[in-house]
Amino acid sequence: MGNSITKYLQERSNPIPNRRKSRWWPVSDSWQVRGLASLAGVNLSSGGSDKVSLALELMKSRDFLISFLERHELKIDLMATKGWDRENDKLIIDEDEYSINEKKWVRDVSFPKRIEPSNLELYNYFIENNLSVSKSKDSGLIVVGVKHYSPTLAKKIVELLVGDINQYMRSSDIDEAEKSIHYLNDTLNNTGSAELKGTLFQLIEQQQQKKMLATVREEYVFKTVDSAFTPEVKVAPNRLMLLLFSSILTVLISVFLILVKYAFRKDSIN
């Protein structure tokens with residue numbers, strides 16, 4: 001049991017990851033008129049629900065996350081950190097992974113990994129060790145969580161990630177609306193049908209409204225319901241489970257050693 005207690009005390013002194021969670025409510029689109037758009041050859045089939053589903057998939061996609069992690073220079077903070085200085089709110093860098101003085105990666109890895117983690121390795125690490133995204137089937141509420149030694153950095157990453165998703169979707173819809181307006185205006189100028197012109201005017205109005213909402217609404221796809229916070233209880237590791245596991249392991253090893261010792265004594269007597 002002495003080893004178990006020592007292990008428990010060591011775990012208490014080691015830095016423990018924190019998780020920052022933020023809850024977001026999907027923003028619905030009430031301005032799309034699909035039937036009229038179909039008449040003019042404009043596809044407006046993606047409603048608010050589809051937009052949210054796209055944003056959720058985008059949030060976990062390789063291309064988007066690699067761009068996100070590179071843009072915000074998170075490689076060292078995520079893959080070369082071994083702890084967090086709570087008093088000074090600073091990350092503790094693992095010098096076996098990254099040399100602060102030389103400003104270069106020095107980790108010892110085998111092929112196909114490289115000394116400096118590739119973008120693909122960074123993406124896989126972030127997905128497996130840091131990011132969690134879930135959606136309530138009942139309420140539709142989106143929960144985005146990031147686990148890291150530093151609760152400050154975890155909060156920052158959550159806010160940056162959701163902010164970038166909203167901005168990406170805003171820019172995409174603004175660009176799409178502008179192209180649709182240009183197409184609809186060209187069609188309007190080349191048609192002589194009064195009925196079709198009336199339809200085109202309505203569609204142009206809808207696209208202008210879409211562009212306006214995308215321009216002025218910062219929380220475009222996800223609206224904050226509960227901002228990121230620091231939990232009072234650490235998420236990992238479970239100290240009680242570690243103590244229990246190490247105790248059981250110690251007992252099993254002790255029993256195994258006793259049996260081995262007994263077997264050798266029995267053989268020597270024979």
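In this report, we go over the structure that sits alongside the text.

## Things to note about the pairing of strand E6 (residues 131-135)
- With 5 bridges joining them, E6 and strand E7 (residues 142-148) adopt antiparallel strand pairing. Looking across to E7, one finds that Val133 is bridged to Val144.

## Considering the packing of helix H4 (residues 62-71) against helix H6 (residues 119-129)
- At a closest axis distance of 10 Å, the pairing of H4 and H6 adopts a crossing angle of 100°. It follows that H4 is roughly perpendicular to H6 by the angle criterion. Counting all contacts with H4, which are made through Arg62, Leu65, Ile66, Leu69 and Glu70, the residues of H6 involved are Asn119, Leu120, Leu122, Tyr123, Phe126 and Ile127.
- Here the contact of H4 with H6 is built from residues that sort into 8 nonpolar, 1 polar and 2 charged.

## Details of the pairing of strand E3 (residues 90-93)
- Judged from the 4 bridges that link them, strand E2 (residues 81-85) and E3 form a sheet pairing that is antiparallel. Looking across to E3, one finds that Trp84 is bridged to Leu91.

## Comments concerning the pattern of salt bridges
- Applying the stated rule across the entire model yields 10 salt bridges.
- The salt bridge partner of Arg107 is Glu121, with a shortest N-O separation of 2.7 Å. With a gap of 14 residues between them, Arg107 in the loop between strand E5 (104-105) and H6 and Glu121 in helix H6 connect regions that are remote in the sequence. Here the two residues Arg107 and Glu121 agree in accessibility, since each one is buried.
- Salt-bridge contacts for Glu178 lead to Lys211; the nearest nitrogen and oxygen are separated by 3.2 Å. Of this pair, Glu178 sits in helix H7 (residues 151-189) while Lys211 sits in helix H8 (residues 194-216); the two residues are 33 residues apart in sequence, bridging distant segments of the chain.
- A relative accessible area of 38% means that Glu178 is categorised as partly exposed.
- Residues participating in the shared-partner salt-bridge network are Arg107, Lys113 and Glu121.

What counts and how
Residues numbered from 1 in each chain as written. Predicted model: local features only at pLDDT ≥ 70, side-chain atom pairs only at ≥ 80, totals over all residues. Heavy atoms only, no water. Pairing = 2+ DSSP bridges. Helix = DSSP H or I, 4+ residues; strand = E, 2+ residues; numbered from the N terminus. Axes fitted to C-alpha atoms, helices over the stretch in contact; angles between N-to-C directions. Parallel < 35°, antiparallel > 145°, perpendicular 65-115°, else oblique. Contact = heavy atoms within 4.5 Å. Nonpolar A, V, L, I, M, F, W, Y, C, P; charged D, E, K, R; others polar. Salt bridge = Lys/Arg side-chain N within 4 Å of Asp/Glu carboxyl O. Buried < 20%, exposed > 50% of the residue type's maximum accessible area, 1.4 Å probe, protein only.

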